[in-house]
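Chain residues, written in single-letter form:
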Amino acid sequence: MHIPDAFMPIWQGAIYWVIALVFVYISLRWAKNELNEEKLPLVAVLAAGIFALQFLKLPILMGTSGHLVGGALVAIILGSPFAAVFILTLVLIVQGIMFGDGGITTMGANIINMGVIGGFVGFYSFKGLKAATRSVPVSAFFAAWLACLLPALCAAVELWFAGTFPIEAGLLAMGIYYAIGGIIEGIVTVAAIYLIINVRPDMVDKNVLPEQTGAVA
Amino acid sequence: MIDNKTLIACGIIIAVVIGIVAVFFGSGDPDGMESTALIVQGQKTITSAAPPDAAIHTNIENKFAYHPPMPDYSLEKRMGAQGGVLAIIGGTLLAFLIAIGLIYALKVVGKKNPPKANQ
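Rules and cut-offs
Residues numbered from 1 in each chain as written. Chains lettered and ligands numbered in written order. Predicted model: local features only at pLDDT ≥ 70, side-chain atom pairs only at ≥ 80, totals over all residues. Heavy atoms only, no water. Helix = DSSP H or I, 4+ residues; strand = E, 2+ residues; numbered from the N terminus. Rg over C-alpha atoms; globule rule 2.2 N^0.38 Å. Buried < 20%, exposed > 50% of the residue type's maximum accessible area, 1.4 Å probe, protein only. Contact = heavy atoms within 4.5 Å. Areas by Shrake-Rupley, 256 points an atom, 1.4 Å probe, with all protein chains shown as cover. Lys, Arg positive; Asp, Glu negative; His and termini not counted. Charge placed at Lys NZ, Arg CZ, Asp CG, Glu CD. Patch = residues over 30% accessible without salt bridge, like charges linked within 9 Å, V, L, I, M, F, W, Y side chains within 5 Å. Salt bridge = Lys/Arg side-chain N within 4 Å of Asp/Glu carboxyl O. Polar contact = N/O pair within 3.5 Å; in protein donor to acceptor, adjacent residues only side chain to side chain. Domains from an automatic or database assignment. Buried area = accessible area lost by both parts, 1.4 Å probe. Nonpolar A, V, L, I, M, F, W, Y, C, P; charged D, E, K, R; others polar. Axes fitted to C-alpha atoms, helices over the stretch in contact; angles between N-to-C directions. Parallel < 35°, antiparallel > 145°, perpendicular 65-115°, else oblique. Left-handed = near helix turned anticlockwise from the far one by under 90°.

## Concerning the overall build of chain A
Within chain A one finds eight helices and two strands. When the helices and strands of chain A are listed from N to C terminus, the series reads α-α-β-β-α-α-α-α-α-α. Rg of the C-alpha trace for chain A: 17 Å, near the compact-globule value of 17 Å for 217 residues, within the 12% margin. Its C-alpha atoms give chain A principal-axis dimensions of about 60 × 35 × 25 Å. Within chain A, the proportion of its 217 residues that are buried is 60%. Partitioning the contacts of chain A with sequence separation of at least 6, the portion at a separation of at least 24 is 74%. Of the accessible surface of chain A, which amounts to about 7700 Å², a share of 72% is contributed by carbon and sulfur atoms. Computing the positive centroid from 9 side-chain charges and the negative centroid from 11, chain A places the two 9 Å apart.

Structure below.
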């Protein structure tokens, strides 16, 4: 889902950068105010893990591969969409500057898609679904699925503005591929949440913990 | 529960193992965005495989070009998969260290400039 430099004019990339920087600034304030030294190991491990998981390309049939985005996972585990903006920005900077995975001028658009939209959609859809279903795995799965699909559709619209994709073909193909890829995103997100809950339940947002564990006696 | 050192060690090891698995067993197919570009350019259909010689072309005139030190997660081509493994280990550790460094830096700045108390 990483938009390369060649897919977008510089001036459009600059507009997305300006918007992205607003969210990056707020995410830095979030990190400064909300992250204490106790959560530092988990945040750093999540950054490393998201980097590696985004590199793992899994076949999703139809001659196409998919990889984890991770915005929903980070936002749900740390209890804030700005956690996703913070960590996805770090990961995208390393990917873009060191490896050319995603562009430099398009990094703002990639931060918006994967960090901002992925984080906000993942966090708030998890919250709403959890309130409705009271099931963490079901809520996390569908939140992660949506947090994979919606950023892809937004990327298709951005690339339509850029003149790279026609809108119908872009939305259709991106929608199909990332709706399938979102299933992997959902499964990995649920598995990662339960892995982290099992090893360090004290570090995760209380909304993720099963109710009997998280309830106040 | 595991302690912080074990969490960091296990987390890094799992991330590196995922990266190494990806180097050797990751799909070589284009991702969804690349596939969509190939469809738009008539080199692929939604359900067909991409041809081996498929290449994405764009007609964006005002575009930026950047040459990263390790393009496509590889060191030098002659290093092959070993270069890919080194690149992914380096990238994973870099993401980890930048996260730790940035949070420490934010905390140091926060201590030097404590927020003003509400009146």
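## With respect to a nonpolar patch on the surface
Taken together, B:Ile13, B:Val17, B:Val21, B:Phe24 and B:Phe25 make up a surface patch of nonpolar side chains, about 530 Å² in accessible area. Mapping B:Val17 onto the fold places it in helix α1 (residues 4-25).

## Brief notes about the side chain of A:Thr106
Residue and element names in this part refer to chain A. Along the chain, Thr106 falls in the loop between α4 (81-99) and α5 (107-133). Since its relative accessible area comes to 0%, Thr106 is described here as buried. A distance of 2.6 Å separates a polar side-chain atom of Thr106 from the backbone oxygen of Ile3. Residues contacting Thr106, with those up to four places away along its chain left out, are Ile3, Pro4, Asp5 and Met8.

## What about the domain arrangement of chain B?
Reports often express the size of an interface as the amount of accessible area lost when the parts come together. Domain boundaries in chain B define domain 1 (1-24 + 73-119) and domain 2 (31-62). Spacing between the C-alpha centres of domain 1 of chain B and domain 2 of chain B amounts to 33 Å.

## Remarks on the interface of chain A and chain B
If you look at the interface, chain A gives 72 residues, while chain B gives 65 residues. Between chain A and chain B lies a buried interface of about 5700 Å² when both sides are counted; carbon and sulfur atoms form 75% of it. At the junction of chain A and chain B, the tally comes to zero salt bridges. If you look at where chain A meets chain B, you find 19 residue pairs in polar contact (both at pLDDT 80 or more). Residue assignment for the side of chain A that touches chain B shows that the elements contributing at least two residues are α1 (10-34), α2 (40-55), β1 (58-59), α4, α6 (136-161) and α7 (167-199) of chain A. Of the residues in the side of chain A that touches chain B, the class split is 51 nonpolar, 14 polar and seven charged.

## Section: the packing of α2(A) against helix α3 (residues 71-78) of chain A
Residues and elements named next belong to chain A. Viewed as axis vectors pointing N to C, α2 and α3 meet at an angle of 170°, and their least axial separation amounts to 11 Å. Comparing the axis directions of α2 and α3 gives the class roughly antiparallel. Between α2 and α3 lies a crossing whose hand is right-handed. When α2 is examined against α3, the residues Leu42, Val43, Leu46 and Ile50 are found in contact with a partner set consisting of Leu73, Val74, Ile77 and Leu78. A per-class count over the contact of α2 with α3 returns eight nonpolar, no polar and no charged.

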